[in-house]
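Next come the chains, spelled out residue by residue.
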Amino acid sequence: MLAGEILQALKYRIGKDITVATPYDWLTASIKVVRDRIIDHWVKATKEAYDKQEKRVYYLSLEFLIGRLMRDAFSNLGLMETVREALASLEVDLDLIAKLEPDAALGNGGLGRLAACFMESMATVDIPAHGYGIRYANGMFRQEIHDGWQVELPETWLDHGNPWEFERRERSFEVGFCGSVEALTGEGEAPARHVWKPTERVLAVAYDTPVVGWRAKRVNTLRLWSGMPVDPILLDKFNAGDHIGALAESNKADALSRVLYPADSHQAGQELRLRQEYFFSSASLQDILQRHLSQYGDLASLPDKAAIHLNDTHPAVAVTELMRLLIDVHGMEFDKAWDVTRRTFAYTNHTLLPEALESWPVPLFERLLPRHMQLAYAINAAVLLEARRSGKFSDGQIARISLIEENGERRLRMGNLAFVGSHSVNGVSALHTELMKTTVFADLHALYPDRINNKTNGITPRRWLFQCNAGLTALAREVIGDRFLDDIEAIRDLDPLAEDAAFREKFAAVKRRNKERLASLVAERLGIKVDPSALFDIQIKRIHEYKRQLLNILEAVALYDQIRSHPERDWSPRVKFLGGKAAPSYHNAKLIIKLANDVAKVVNRDPAVRGLLKLVFVPNYNVSAAEVLMPAADLSEQISTAGMEASGTGNMKFALNGALTIGTLDGANVEIREHVGDDNIFIFGLKAGEVAERRARGYDPRAVIEGSRELSQAIAAVSSGVFSPDDPGRYRELMDGLYEHDWFMVAADFDAYAAAQRRVDDVWRDSADWHARAIRNVARVGWFSSDRTIRQYAKDIWNVPV
């Protein structure tokens, strides 16, 4: 039956005969047939939300790193094997066509992947929800490596269209920019009414993608906005011969949904990013209010029926936009609007890094969004008066509470705006949440002591175990049954089997097959042969100095020197995999990518190493690459500077797939250690408090480097051009930075990191012990599920039943 439906879709929806159908045609036909079944669940869930007047969650995020959707949807519907058999009867291989589906270029790192996990988990635990973001045509960028350097090319994921999405032209909203604000005097004692008259307008057009929960319990909506001009062409200019100028407005609208995170090292990039953030926030709020009014008729009840969640500071401008809509469009008084706004919004903070806690120059913000600047000042006045009247705050504390940064150039602090405009502000790991209270939000926490709470991140086990590691999932089902498929914490039943030699052998065989799959991929794409019997040591994440890929590379250089100097020692063969993208304007991050490739070139070609150490940089790291890398990992590198990683979710994915973690006590590593036990994780380095103390009292990295023989020799080799003979001075400035300031404590933690790596070698030599520890990791990290996290959000923040 299903095979016949696929043939019908091929003929009538794609317009192809079986004899000329391409593999991509088969992919699209298969998706559309399954999508029809999804639509039935989708319509049912939407109707129930209306009929039961259920409170909805609206999740605003600049990123949704959803990856490929085919396996996710097919698996959650329970149709994977049925479709496989149907296609096989038509002599089509499901696995082959599945590889043709592009990764949706809608995110970059952990923030976007978390949003994707949360959307899937909200559907799984039966919470009516909409995700709101931008439909980026070209994403962030496709990374290629040319002579070791990162090269950014546009993503082309929409070249063949997107068979999952539905364009909703009827859900289009105008979004304005610039212009002026006119104050209309009210009658009698009525307050003046303000009218914003923007001089620029664009259309935000909705594109909907269904998000299927496990066993299709619910299907929710991911609504993404695409920018379009109000007038596609200025005919007067075109007819006057200005053919390029006639399309200026069209190009400006198109730019809003073209690229994720345009480079902000120049003013034009900063302006575009602010425009993007307002564009999707405004369209989303207009959509939410329209839906609410059509069902309930008034906006006073908005907090009771809508929970709007800000995923980091990018959508923080939504606070002032909701105030504008409530006051200027719907006639609500300021105090009432402020009460509705704060009871409706909640905010998740994802970072303590100052550059990620966005702030905008006041002149830029005021030029683009003049009415919103007025409202920001009004909100600020209300907050500062509240703080002053309490009598508890000094002038310095008042200045830090303020939405306006007054030191130097005046800037609007979006983190502070999100904080004061929300009834709940949560961190994403226990450590991160406590640091929020004592660092970036210390004064706001003192003003609103009940607002900050913790919700430790989680991952969806459907994507990050059932789909990406079919072998381990099948083995677990064989020995403990299927209960863990619906309650991942039941995977704890594997724990006693860590002592079972027969099970350890089966577990090792699954890991070996996953490593062979990765080895084949690396050989095919990069021409590098790696030995699956070696320890696979993997660090894959966004390239940033605080994530300390540089520490990993320097330790590899030191290990390389030791292997050559001491060939008589019993070295454990090791392959170090690194992957991740650097922001286009982040010079040092791009230099670190080049260094990784330069070191790999030298080490991999040196016969003196005898294959005991190899380095592989995996280009264009994305969700699909992660689905191959994580099941193959023996060792998971989670080595950020303590106190700087909010949570991390890669650490959870690796552990669930049977990798041991080497890491600092940072982010969720702290809680992972509590769950898996000290013996099943390799912890090293300074703690967050010790990092802060060293920075405060004055840290001398030069003395540390000179006191470490291995580190000083590794830095000297890099700095002198051993790995860059074509440009000996290429890394001198990067290495000098370690001597001069070493803000990220690479030198401070180096010796402890190297010692931890030698402990890794010692455990690796005893394969039974290693696999027992790996099994305990799998068994004990079920708590780190996004289902658990979402249930906590629902109960503690959103007030929706689960």
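Computed from a predicted structure; not experimentally measured.

Chemist: When you look at the overall build of the protein in this model, what are you seeing that I'm missing?
Modeler: Helices and strands together make up the secondary structure of the protein, namely 34 helices and 22 strands. Rg of the C-alpha trace for the protein: 27 Å, near the compact-globule value of 28 Å for 802 residues, within the 12% margin. Overall, the protein is about 95 × 70 × 60 Å in size when its C-alpha atoms are taken along their principal axes. The buried share among the 802 residues of the protein stands at 61%. Taking the intrachain contacts of the protein between residues at least 6 apart in sequence as the baseline, contacts between residues at least 24 apart amount to 76%. As presented, the protein carries roughly 30,600 Å² of accessible surface, and 50% of it is formed by carbon and sulfur atoms. When the 99 positive and 110 negative side-chain charges of the protein are each reduced to one mean point, those points stand 2 Å apart.

Chemist: Teacher, can you tell me more about the packing of aromatic side chains here?
Modeler: The description of two aromatic rings rests on the distance between their centres and on the angle between their planes. The final tally for this structure, using the stated rule, is 19 aromatic pairs. Relative to Y278, the ring of F177 has its centre 5.8 Å away and its plane inclined at 75°; by these criteria the two rings are edge-to-face. With a gap of 101 residues between them, F177 in strand β5 (residues 166–177) and Y278 in helix α9 (residues 267–296) connect regions that are remote in the sequence. Summarising the aromatic geometry, the rings of Y560 and F723 are spaced 6.2 Å apart at their centres and angled 55° between planes, so their arrangement reads as tilted. Taken together, the positions of Y560 in helix α23 (residues 549–565) and F723 in the loop between α30 (709–720) and α31 (732–740) put the pair 163 residues apart, joining distant regions of the chain. An aromatic cluster of at least three residues, connected via ring pairs, comprises Y58, Y132, F173 and W225. Positioned above the aromatic ring of Y207 is the side chain of R135, whose terminal nitrogen or guanidinium carbon lies 3.9 Å from the ring centre. Over the aromatic face of Y448 sits the side chain of R451, whose NZ or CZ is 3.9 Å from the ring centroid.

Chemist: What's the story with the pairing of strand β4 (residues 149–153) in this structure? I'm lost.
Modeler: Successive residues of a regular strand alternate their side chains across the two faces of the sheet. Bridge count for strand β3 (residues 142–146) against β4 is five bridges, and the pairing is antiparallel. Note on β4: the bridge partner recorded for I145 is Q150. Hairpin geometry of β3 and β4 is characterised by an intervening segment of two residues between the two adjacent antiparallel strands and by a positive phi of about 55° at D147.

Chemist: Explain the environment of M70 to me, please; I cannot follow it from the model alone.
Modeler: Secondary-structure assignment places M70 in helix α3 (residues 70–77). Distance from M70 to K99, taken between C-alpha atoms, is 9.8 Å for residues 29 residues apart in sequence. With residues near it in sequence (within four places) discarded, M70 still touches L27, I31, L94, I97, A98, E101 and W164.

Chemist: Explain the side chain of E627 to me, please; I cannot follow it from the model alone.
Modeler: Looking at where E627 falls in the secondary structure, it is placed in helix α25 (residues 623–632). Residue E627 is classed as buried on the basis of its relative accessible area of 14%. Setting aside its immediate chain neighbours within four residues, E627 contacts R463, W464, C468 and R517.

Chemist: Quick question: what am I supposed to make of the sheet that holds strand β20 (residues 635–638) here?
Modeler: In sheet architecture, strand pairing relies on hydrogen bonds along the backbone and comes in two forms, parallel and antiparallel. Here six strands make up an open sheet; going across it, the order is β19-β18-β17-β20-β21-β22 and the pairing parallel. Looking at which strands have only one partner, the edges of the open sheet turn out to be β19 (613–618) and β22 (682–683). The sheet contact formed by strand β17 (residues 535–540) and β20 spans two bridges and is parallel. Bridge assignment links I538 to a residue of β20, and that residue is S636. Against the sheet, helix α22 (residues 501–526) touches β17, β18 (574–579) and β19, its axis set at about 65° to β17.

Chemist: Honestly, the pattern of salt bridges in this entry has me stumped. Any pointers?
Modeler: When charged atoms on two side chains of opposite charge get close, those side chains can pair. A complete count under the given rule lists 73 salt bridges for this structure. Taking the shortest distance from any N to any O, the salt bridge between R168 and D208 comes out at 3.2 Å. Here the residue R168 occupies a position in strand β5, and D208 occupies one in strand β8 (residues 200–212), the gap between them amounting to 40 residues. Taken together, the salt bridges that share partners define one network made up of D537, E555, R574, K576, E637, R758 and D761.

Chemist: So what exactly am I meant to see when it comes to the sheet that holds strand β12 (residues 359–361) here?
Modeler: Here three strands make up an open sheet; going across it, the order is β12-β14-β13 and the pairing antiparallel. In this open sheet, the two strands that pair with only one neighbour each are β12 and β13 (404–405). In terms of strand pairing, β12 meets strand β14 (residues 411–413) through three bridges, oriented antiparallel. In the sheet register, W360 faces β14, and the bridge partner there is L412.

Chemist: I keep staring at the packing of helix α8 (residues 248–256) against α9 and nothing clicks. Help me out?
Modeler: Geometry of a packed helix pair, given as the angle between the helix axes and the separation of the axes. At their nearest, the axes of α8 and α9 sit 9 Å apart, and the two run at 75° to each other. Considering their axes alone, α8 and α9 lie roughly perpendicular with respect to each other. Between α8 and α9, the residues in contact are K252, A255 and L256 and L272, R275, Q276 and F279, respectively. Partitioning the contact of α8 with α9 into residue classes produces four nonpolar, one polar and two charged.

Chemist: Please clarify how the side chain of R273 should be interpreted in this entry.
Modeler: Mapped onto the secondary structure, R273 falls in helix α9. Here the side chain of R273 touches P262 through a polar contact of 3.2 Å, landing on its backbone oxygen. When neighbours within four sequence positions are excluded, R273 is seen to be in contact with Y261, P262, D264, E358 and W360.

Chemist: Hey, could you run me through unusual backbone geometry in this one?
Modeler: Trans is the prevailing form of peptide bonds, just as negative phi is the prevailing case for residues other than glycine. A positive phi angle is found at A216, which is not glycine, with a value near 55°. Residue placement: A216 occurs in the loop between β8 and β9 (219–229). Here A216 falls in the buried class, since its relative accessible area comes to 10%. Positive phi outside glycine occurs at R610, with the angle close to 60°.

Chemist: Looking at this model, I keep getting lost on helix α4 (residues 80–89). Mind explaining?
Modeler: Two residues of an α-helix separated by three or four positions point the same way, owing to the 3.6 residues in each turn. Along α4, the residues that are buried comprise M80, V83, A86 and L87. All buried residues of α4 project into a common sector of 135° when viewed along the axis, lining one side. Turned more than 90 degrees off the buried face of α4, the exposed positions are E85 and S89. In this structure, the buried residues of α4 make contact with α1 (2–12), α2 (23–51), α3 and α5 (94–98).

Chemist: Is there a simple way to explain the nonpolar core in this structure?
Modeler: Across soluble globular proteins, nonpolar side chains have a tendency to be buried as a group. Judged by nonpolar contacts, the single largest core of 271 residues is most densely connected at M122, F279, F484, L554, F577 and W798. Residues in contact with M122, not counting those within four places in the same chain, are V57, Y59, I127, A129, N220, I790 and W798.

Chemist: Help me understand the packing of α22 against helix α33 (residues 767–780) in this model?
Modeler: With their axes 10 Å apart at the nearest point, α22 and α33 run at an angle of 80° to one another. The angle between α22 and α33 places the two elements in the roughly perpendicular class. Contacts between α22 and α33 involve F503, R504, F507 and A508 from the former and A768, H771, A772, A774, I775 and V778 from the latter. Tallied by class, the residues present in the contact of α22 with α33 amount to eight nonpolar, one polar and one charged.

Chemist: Sorry if this is basic, but what is going on with the pairing of β8 here?
Modeler: Counting buried residues in β8 gives 11 out of 13 residues, a clear majority hidden from the surface. Bridge analysis of β5 against β8 gives nine bridges, and the strand direction is antiparallel. Its bridge partner lying in β8, F166 is registered against D208. For β8 and β9, the ladder comprises 11 bridges, and the chain directions are antiparallel. Paired with V211 across the strands is N220, a residue of β9. Connecting the antiparallel pair β8 and β9 is a turn made up of six residues, with R215 showing a positive phi of about 60°.

Chemist: Before we go on, may I ask you to explain α9 in this structure?
Modeler: When the terminal C-alpha atoms of α9 are compared, their 43 Å separation across 30 residues agrees well with the 44 Å that a helix rising 1.5 Å per residue should span. For α9, the tally of buried residues reaches 23 of 30 residues, placing the bulk of the element in the interior. Of the residues trailing α9, G297 is marked for its positive phi of about 80°.

Chemist: It is not clear to me how the state of the cysteines should be interpreted in this structure. Could you clarify?
Modeler: Disulfides are covalent bonds that connect the sulfur atoms of two cysteines. Scanning the entire structure with this criterion turns up zero disulfides. No disulfide involves C117; its sulfur sits 11 Å from the nearest other cysteine sulfur, which is in C468. A relative accessible area of 2% places C117 in the buried class.

Parameters at a glance
- Residues numbered from 1 in each chain as written.
- Predicted model: local features only at pLDDT ≥ 70, side-chain atom pairs only at ≥ 80, totals over all residues.
- Heavy atoms only, no water.
- Helix = DSSP H or I, 4+ residues; strand = E, 2+ residues; numbered from the N terminus.
- Rg over C-alpha atoms; globule rule 2.2 N^0.38 Å.
- Buried < 20%, exposed > 50% of the residue type's maximum accessible area, 1.4 Å probe, protein only.
- Contact = heavy atoms within 4.5 Å.
- Areas by Shrake-Rupley, 256 points an atom, 1.4 Å probe, with all protein chains shown as cover.
- Lys, Arg positive; Asp, Glu negative; His and termini not counted.
- Charge placed at Lys NZ, Arg CZ, Asp CG, Glu CD.
- Phe/Tyr/Trp six-rings, centres within 6.5 Å; stacked < 30°, edge-to-face > 60°.
- Lys NZ or Arg CZ within 6 Å of the ring centre and 35° of its normal.
- Pairing = 2+ DSSP bridges.
- Axes fitted to C-alpha atoms, helices over the stretch in contact; angles between N-to-C directions.
- Salt bridge = Lys/Arg side-chain N within 4 Å of Asp/Glu carboxyl O.
- Parallel < 35°, antiparallel > 145°, perpendicular 65-115°, else oblique.
- Nonpolar A, V, L, I, M, F, W, Y, C, P; charged D, E, K, R; others polar.
- Polar contact = N/O pair within 3.5 Å; in protein donor to acceptor, adjacent residues only side chain to side chain.
- Arc of directions from axis to C-beta.
- Core = buried A, V, L, I, M, F, W, Y, C linked by side-chain atoms within 4.5 Å.
- Expected span 1.5 Å × (residues − 1).
- Disulfide = S-S within 2.5 Å.

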